[in-house]
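The chain contents come next:
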Amino acid sequence: MENLIKINETIESIVQENDLVGELQGIEKAHGIRPSAELKNTLEDASQQDRQLKIGILGRVKAGKSSFLNALIFKGKNVLPKAATPMTAALTILEYSDKFEANIEYYTKDDIELMRQKHDKCQKEMQKSYEAQLDKLKQNKKADKSDSELEALADKYAKKQLKEDSSIYAYYEQYEQIKNSNIDIDTLSENEKIVCSNYEELSDKLKEYVGSSGKYMPFTKSITLALNEEMLKDVKIIDTPGINDPIISREERTRALIADCDVVFLVSPSGQFLNDSDLELLKNINKNNGIKEFHIVASQFDNLLSGSEIKGNGVLPEAIQRAKEALLRQQKSVFEGKAYDYDQKIYEQLTAFDVLYSSGVSVEIANNFGNQKDENAKHVLNLLKENYPDYFANEEMALYHLNTLSNMDKILLVLDNVRKEKDRILQNKITDLISSKKSALNSYKIDIVNLISKKIEILNQKDLAQIKKQIEKIKTVKSKVMTKANSVFEDSGEELSSSLKDKLNAQIKAIFNEVSDISEKQRGSETRTKTKNIDKGGGFLWWRDIFGCRYETKECQETKETLDAEPIRIAVQDSIREINNILSGVYDDNVRNWRKNILKELISSLQDSVGDDMLDPDMIKQSVRNIMANISLPEFSYDTTLPIALQKSGKLVGSECDEFRSALNNFGNELESKVSSDVNKICQTLDKAIANADIGQKLIISYEEKIEQLVKDAQDKESSLAKYRSILDQLNQIEG
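All of these numbers come straight from a predicted model, not from anything done at the bench.

About the thresholds
- Residues numbered from 1 in each chain as written.
- Predicted model: local features only at pLDDT ≥ 70, side-chain atom pairs only at ≥ 80, totals over all residues.
- Heavy atoms only, no water.
- Axes fitted to C-alpha atoms, helices over the stretch in contact; angles between N-to-C directions.
- Helix = DSSP H or I, 4+ residues; strand = E, 2+ residues; numbered from the N terminus.
- Parallel < 35°, antiparallel > 145°, perpendicular 65-115°, else oblique.
- Left-handed = near helix turned anticlockwise from the far one by under 90°.
- Contact = heavy atoms within 4.5 Å.
- Nonpolar A, V, L, I, M, F, W, Y, C, P; charged D, E, K, R; others polar.
- Patch = residues over 30% accessible without salt bridge, like charges linked within 9 Å, V, L, I, M, F, W, Y side chains within 5 Å.
- Areas by Shrake-Rupley, 256 points an atom, 1.4 Å probe, with all protein chains shown as cover.
- Salt bridge = Lys/Arg side-chain N within 4 Å of Asp/Glu carboxyl O.
- Lys, Arg positive; Asp, Glu negative; His and termini not counted.
- Charge placed at Lys NZ, Arg CZ, Asp CG, Glu CD.
- Buried < 20%, exposed > 50% of the residue type's maximum accessible area, 1.4 Å probe, protein only.
- Core = buried A, V, L, I, M, F, W, Y, C linked by side-chain atoms within 4.5 Å.

**Thoughts on the packing of helix H5 (residues 109-139) against helix H6 (residues 147-163)**
At a closest axis distance of 8 Å, the pairing of H5 and H6 adopts a crossing angle of 135°. With respect to H6, the axis of H5 lies oblique. Considering only the axes of H5 and H6, their crossing is right-handed. Together, Cys122, Met126, Ser129, Tyr130, Gln133, Leu134, Leu137 and Lys138 of H5 and Leu150, Glu151, Leu153, Ala154, Asp155, Tyr157, Ala158, Lys159, Gln161 and Leu162 of H6 make up the contact between the two elements. Residue classes in the contact of H5 with H6 are distributed as 11 nonpolar, three polar and four charged.

**Things to note about a negative patch on the surface**
Taken together, the side chains of Glu490, Asp491, Glu494, Glu495, Glu601, Asp687 and Asp694 define an acidic patch exposed on the protein surface. If you tally residues by element for the negative patch, the top one is helix H18 (residues 464-521), at four residues. Overall, Glu494 belongs to the exposed group, its relative accessible area being 54%.

**Remarks on the nonpolar core**
Of all hydrophobic cores here, the largest spans 54 residues; its most connected members are Ile55, Phe68, Leu202, Leu225, Ile237 and Phe265. Element by element, the count of residues in this core is highest for helix H4 (residues 65-74), at six residues. Once residues within four sequence positions are removed from consideration, Phe68 is found in contact with Ile57, Phe265, Val267, Val297, Ser358, Met408 and Ile411. Ile296, Phe335, Tyr388 and Phe392 belong to the second largest nonpolar core, which has 40 residues in total.

**Topic: the environment of Leu671**
Inspection of the secondary structure puts Leu671 in helix H22 (residues 655-691). For Leu671 and Phe512, which are 159 residues apart along the polypeptide, the C-alpha to C-alpha distance reads 9.6 Å.

**Some points on the pattern of salt bridges**
By the definition in use, this model includes 22 salt bridges. For Lys65, the salt bridge goes to Asp239, with nearest N and O atoms at 3.8 Å. One end of the pair, Lys65, is in helix H4; the other, Asp239, is in strand E6 (residues 235-239), with 174 residues separating them in the sequence. We note that Lys65, like Asp239, is buried.

Printed below as a string of structure tokens:
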């Protein structure tokens, strides 16, 4: 790296000391040569960039992620509280520090307002369900049930119905906790820092923010723990609340963090290994091609060992093997034959059929052996002693087998291998960067050598009179050169603009079609049984009202359209990013190729127009390069945000579907119109930049300046030759 910077500094010094900056600006830009100070910063950043190994921990609530991390990072200490619900599972980031600190990020006012709106909607739905069920219960009232008991049953039923849509109910639950906290959101800052002296103090304080009954838990969006823990050196761990997070703002941040990970561990409880929730997480992760390693951890492995079919005769090694085989069968049945659903490398890892099991509680038991305080740890140890007495007869044997059950040695080995892989990737990245910069500098040096050699050649071949004669010749074709150059440049620019527009529009149309297809696939319907009070008719209304026989309750079927909002929302968000990438990528590629082609077209056209003897091709080439370097073509920048109406997740029903689809159509039409308008604007700006370039005039001026420099050189020929030879010597002495 030092050698590369030295080469850059040497060439930079030669160019500046010999007043070649203006003459070489086109060549410099073509090779992407930057000032030495900037190159040094780039290389230093690359050397330090992402030195941390980024590890993503995914899994549903109660999958054992906290226990897994407490075992892996904190050697069984209960530093990370266990989440009870999706909303108590804050996004947690672990990184190294020489202190014990926790940085708390609270939900914004906008986040909480969205929760309130969802909460109000839930209340209305729950009230309707409660009233309908209460009517039904009263119609079928039994003598042993009081009105208060019937009301309690109706309330229980209504809440159960609401809980079926977990994403909606999560908002209700969260906002209820916010209301019950009696904390004014205006009194909370956006962030808060907690400084502790040890893990015990940190664990106690964290309970207030991420504990199931913590005072600030409802407001906590994420926590960054900066800890003096050796295991965290060069590592950043992202413990997620799950990709399908009801809180959209937290989900987006989670996605961004996970996408930047080097290795991901999906923690799936052994008792419900790889269920539908896990597979949904996998689909989201599969889209990120930047992840280098992927592992599935069968957590809470100790739970499997109590089953009679696993326990057998109480031989622990055999039981462990049977449990692993059961997990392997499940893994195989889930993934076999589904290669088309996954990236090839990830699929190979998923189907390696090597179960990475873990038991976080085993580490906790081992660390506190003989002094267990956690009730769950006590229960697990008692079961192990009861089912496998020969293996937990004394402390020494118990500690050995607890270590086997935890499987932390193997998991740490996996992390070590990934860490080594990360170092190799980063080193390759730096090596490639240095190699490309060296190659660019070498090409730049060769072009300078050729330019200086050409100057020496011309000075040796021509005297002052011949050069002045060439100046007179140029004057005779000046007008023709300008006209021809402008014509070629503008024609080429029009072709570029037309081609660019066609390519952009075609690719963007394909994106909108894909979003439309995804939207259509998420449509469905559901049928619910409802109760209605129907007027039976006949008799006097006052009589039937008094004696309660005016209405009868009947059940009826109601079918409503449903829509899974999350895949559509994600598809729209992905399409926005893809549109931005396509527009920027296609635009940059086309302009880059055009810059190369226009140089050839101009030289060829001018030579055909005025003859080879009138214009020096090398001088034309150098002049055109300098001109192109100074033409400021517009840079494409595209950005858009998702409207609130589309920031929904979970299943939408009935009128919600209509509202969402209407918002989607409106947004799609506006986005398509905006993109089309932006494509037209960028092409118009490009046309204008090319039309106003006046390349003919600039070409002649540049060419004349070079001839005039030749005149100056020829006036003191020997001194000029000595100067140029000295430059060549300095350049040729550069090694590397």
